[in-house]
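Report on the structure
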Amino acid sequence: MAFWDNLFPGRAASQFDSGSAASNTIDLTKRRPSVSLTKQGAATGNLRVNLSWRMRTSDLEGRSRQSGRLLRNPSQFFKPEVVQAHTQGMVNVDLDLGCLYELADGSKGVVQPLGGFFGDLNGAPYVKLSGDDRFGGSSGETIFVNLDHKDEIKRLLFFVYIYDQTPAFDRTHAKITLYPSNGPRIEIELDERAPQARSCAVFSVENAKGELTVRREVRFVYGFQAELDRLYGWGLQWGRGYKTKA
């Protein structure tokens with residue numbers, strides 16, 4: 001951080017929210033919840049939406065404290081370590097990225113790993129999931145949107161849910177990054193603690209009079225897709241779905 005940022009703390013925050021040449025990123029926050037892809041000149045080509053996550057650093061503090069005790073008491077090296085499976089800090093979290101869509105002709109549906117609804121990029125709904133990452137790797141999960149067909153898209157709602165029904169949003173640090181065909185990338189952090197939530201509406205894309213606008217939602221719910229559907233008025237029929245074995 002520069003010396004001037006210490007003198008004017010608001011200056012640094014403003015630059016962070018609006019993006020900068022150094023980071024080439026726009027962060028959507030409660031203070032700045034929306035951005036126009038049309039005004040950014042990014043309403044054509046393929047919009048890439050990526051979900052990535054990692055375990056929160058607080059979950060690693062226990063192991064760090066244990067290492068410190070070993071340094072202070074070398075005799076502890078000779079004592080067997082107590083292994084606890086699936087403790088609060090160590091749990092396998094499978095976050096999935098999905099997208100509810102409504103097209104200009106009134107057709108509606110979902111693109112998601114659950115049930116194998118992977119979509120189509122060159123045909124309706126012009127939204128396609130590239131794959132299902134079950135381990136939270138650096139590549140994460142990615143959905144592409146073909147904005148060359150934006151006139152046929154009315155609205156989109158991107159959401160994240162926990163497939164294995166283990167509420168663990170509070171133990172992961174998840175982020176969604178949008179990579180438009182032009183201009184800075186857009187980032188949305190799932191930074192609000194919601195220990196019992198199983199789904200989160202992250203952001204929406206709306207086509208109003210030819211202008212595409214991305215709006216931050218970050219709305220956690222305790223149910224799954226059906227509850228998100230109800231909150232945002234999609235009107236789909238939902239049933240139990242399963243994944244194929246990895």
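Here the residue numbering is sequential within each chain, running from 1 through the sequence in written order. Totals for whole chains, interfaces and linings use all residues, but because this is a predicted model, local features are given only for residues with pLDDT of at least 70 and pairs of side-chain atoms are given and counted only at 80 or more. Side-chain descriptors were evaluated using all non-hydrogen atoms of the structure, hydrogens and water having been removed beforehand.

Describing the nonpolar core
- In this structure, Leu 156, Phe 158, Val 160, Phe 169, Ile 176, Leu 178 and Phe 203 are the most contacted members of the largest nonpolar core, which totals 44 residues.
- Here, residues are in contact when the closest pair of their heavy atoms is within 4.5 Å. Those residues in contact with Val 160, other than ones at most four positions away along the chain, are Leu 51, Leu 95, Asp 96, Leu 97, Phe 169, Ile 176, Leu 190, Arg 198, Ser 199, Cys 200 and Val 202.
- Buried Ala, Val, Leu, Ile, Met, Phe, Trp, Tyr and Cys residues that are joined via side-chain atoms within 4.5 Å together make up what is termed a nonpolar core. Note on classification: 1.4 Å probe, protein chains only; a residue is buried when its accessible area is under 20% of the maximum for its type, exposed when over 50%, partly exposed between these limits. With 11 residues, the next largest nonpolar core counts Val 110, Tyr 161, Tyr 232 and Trp 234 among its residues.

Concerning the pattern of salt bridges
- By definition here, a salt bridge exists when the distance from a side-chain nitrogen of Lys or Arg to a carboxyl oxygen of Asp or Glu is within 4 Å. Per the counting criterion, the structure on display carries six salt bridges.
- For Glu 187, the salt bridge is made with Lys 175, and the minimal N-O distance between the two is 3.7 Å. With Glu 187 in strand β11 (residues 185-190) and Lys 175 in strand β10 (residues 172-179), this pair connects stretches of sequence that are 12 residues apart.
- Given a relative accessible area of 12%, Glu 187 falls into the buried group.
- Under the relative-accessibility criterion, Lys 175 is labelled partly exposed at 23%.
- Each of Glu 102, Lys 154 and Arg 155 takes part in one network of salt bridges that share partners. To qualify as a helix, a DSSP run of H or I must reach at least 4 residues; to qualify as a strand, a run of E must reach at least 2; elements of each kind are numbered from the N terminus.

Focus on the sheet that holds strand β12 (residues 199-208)
- Taken together, six strands build an open sheet; the order of strands is β2-β13-β12-β9-β4-β5 and the sheet is antiparallel. For this open sheet the edge positions go to β2 (34-36) and β5 (108-111), each flanked by a neighbour on one side alone. Strand after strand, the sheet turns through a mean of 20 degrees between neighbouring axes, direction not considered.
- The rule for pairing is simple: two strands pair if DSSP sees at least two bridges between them. Pairing between strand β4 (residues 95-103) and strand β9 (residues 153-162): nine bridges, direction antiparallel. By the bridge assignment, Tyr 101 is partnered in β9 with Leu 156. The convention used is that axes are lines fitted to C-alpha atoms, helices contributing only their stretch in contact, and that angles between N-to-C directions extend from 0 to 180 degrees.

Observations regarding helix α4 (residues 225-232)
- Taken as a whole, α4 has its buried residues at Gln 225, Leu 228, Asp 229 and Tyr 232. All buried residues of α4 fall inside an arc of 105 degrees around its axis, so they share one side.
- The inward-facing, buried residues of α4 contact β9, β12 and β13 (211-221). The arc refers to the directions leading from the helix axis to the C-beta atoms.

Brief notes about the pairing of β4
- In terms of residue burial, β4 counts as a mostly covered element, since nine of its nine residues are buried.
- The alternating pattern of β4 places Leu 95, Leu 97, Cys 99, Tyr 101 and Leu 103 and Asp 96, Gly 98, Leu 100 and Glu 102 on opposite faces, both of which are buried.
- Sheet topology note: the β4/β5 ladder contains four bridges and is antiparallel. Each residue of the ladder has a partner; that of Cys 99, found in β5, is Val 111.
- Hairpin connection between β4 and β5: a loop of four residues separates the two successive antiparallel strands, and Gly 106 in this loop has a positive phi of roughly 95 degrees.

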